[in-house]
Amino acid sequence: MSASTAQTSPAPTPSTIPYVRLGKSGLKVSKLILGCMTYGSSQWASWVLDDAEGMEHIKAAYDLGINTFDTADIYSNGQSEIVLGKAIKKYNLLRDEIVVMTKIYATVMRNPGELDIGIPEEELERMRYTNQRGLSRKHIFEGVKHALERLQLDYIDVLQCHRFDYDTPIEETMQALHDVVKAGLVRYIGMSSCWAWQFQKMQSYARQHNLTEFISMQNRYNAIYREEEREMVPMLKDMGVGMTPYSVLAGGFLTRRISEPETGRSSVDQISKYLNGDPEQIRFLGEINERIAQIAEKRGVSMGQIGVAWLLSKPFVTAPIVGSTSIEKLKDLIGGISVQLTEDEVKSIDEPYLPRAVAGHF
């Protein structure tokens, strides 16, 4: 084909979002990562957007400059991965540019509306889900295979362990993760919500045996939950591991005053409410909420933007994961990247915080 007749793809929309290196790896991710738990099947959770609307959100995020998309096999029991894969294919999102992150650990149930949470392992085995959870070699290889089928991709950029597996030897898990990388099915590996000692043992084993190391930690972190600062954050800094926190706005708790009515996901997401705690019992939650509201009013921006700006004020935060059921709200959160809080404003938000029980992992 001559140069005059060669087909070229149109240039994508210029990005409004900066990109940052994930840990000490060579991989660059957008300063905000789109969390895809919101997209999949409304049978799984009433606030989840189904295929068509979810795909539109993913395209809008990409057009705004987000190049990194985080999902998990358990989200809508695989439907979230399917929606992301459909969006990549339909809108021809540049595979060389985008970063696809998914997670593996929990049981992917056969029906979109089912949850494995709270089901005893013996019952799952009776339901014929044997070997379909955890971080065994078998489940890692099978899980990656099925994730790639759902995503319609040849490889996963970052495969994350969704939790720590107490039943599988660390040696088996780390060797299997190394092997899926060597097989070309995965480019990098990461971890999600676990104790610092668990992460340290896994990472140290990989280093000692010249295996693939974790480049990222996806942990729960926001202005009303900062327990990760005690052990996990110092360890990540020491090891050169990037931090991509989730629940960064506490399931909507930090996007409106407590006195304002709940809307959308925040009104029905009981898990987030449980993890956040009751403001009537934990008094500093309301104080932090109010201080964020006051700073937002003074600056003429949304509370969500202040919540994002607070996260980005922390040098150990690489790229927060944000999600929304509204494209307009997603655009607003992206605007938080441009908000630079003063030291006094950060101190004002930090000051009321008190130690609290660890939540989000087990």
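Heads up: the structure comes first, above all this text.
On a predicted model such as this, the values are computed, not experimentally measured, just so you know. Each chain carries its own residue numbering, running from 1 in the written order of its sequence. Selection of residues for local features in this predicted model requires a pLDDT of at least 70, selection of side-chain atom pairs for listing and counting requires 80 or more, and totals for whole chains, interfaces and linings are taken over all residues. Computation of side-chain values: all heavy atoms of the structure, hydrogens and water removed.

**Comments concerning the pattern of salt bridges**
Pairing between side chains of opposite charge can happen when the charged atoms of each approach one another. The condition that has to hold: Salt bridge, as applied in this entry: a Lys or Arg side-chain nitrogen positioned within 4 Å of an Asp or Glu carboxyl oxygen. In DSSP terms, a helix is any run of H or I states spanning at least four residues, a strand is any run of E spanning at least two, and both are numbered starting from the N terminus. Three labels apply to residues, based on accessible area from a 1.4 Å probe with only protein chains included: buried if under 20% of the type maximum, exposed if over 50%, partly exposed otherwise in between.
Tallied over the full model, the rule gives 20 salt bridges. A salt bridge links Asp51 to Lys86; the nearest nitrogen and oxygen atoms lie 2.7 Å apart. Taken together, the residues Asp51 in helix α1 (residues 51-64) and Lys86 in helix α2 (residues 79-90) connect sequence positions 35 residues apart. For Asp51, a relative accessible area of 22% corresponds to the partly exposed category. When salt bridges with common partners are traced through the structure, they connect Arg226, Glu229, Lys314 and Asp350 into a single cluster.

**Quick word on the pairing of strand β7 (residues 186-192)**
Formally: Two strands qualify as a pair provided that DSSP identifies no fewer than 2 bridges between them.
Where burial is concerned, most of β7 is hidden: 5 out of the 7 residues are buried. Sheet topology places strand β6 (residues 156-161) next to β7; 5 bridges connect them, and they run parallel. Looking at the pairing, Val158 lines up with Tyr188 of β7. Summarising the sheet, β7 and strand β8 (residues 214-218) pair through 4 bridges and their orientation is parallel. Paired with Met191 across the two strands is Met217, which belongs to β8.

**Remarks on the state of the cysteines**
Note the following rule: Count a disulfide wherever a pair of cysteine sulfur atoms falls within 2.5 Å.
Scanning all chains against the criterion turns up 0 disulfides. Here Cys161 stays unpaired: no disulfide links it, and the sulfur of Cys194, its closest cysteine neighbor, is 8.9 Å away. A relative accessible area of 0% means that Cys161 is categorised as buried.

Remember, this is a structural readout, not a statement about activity or role.
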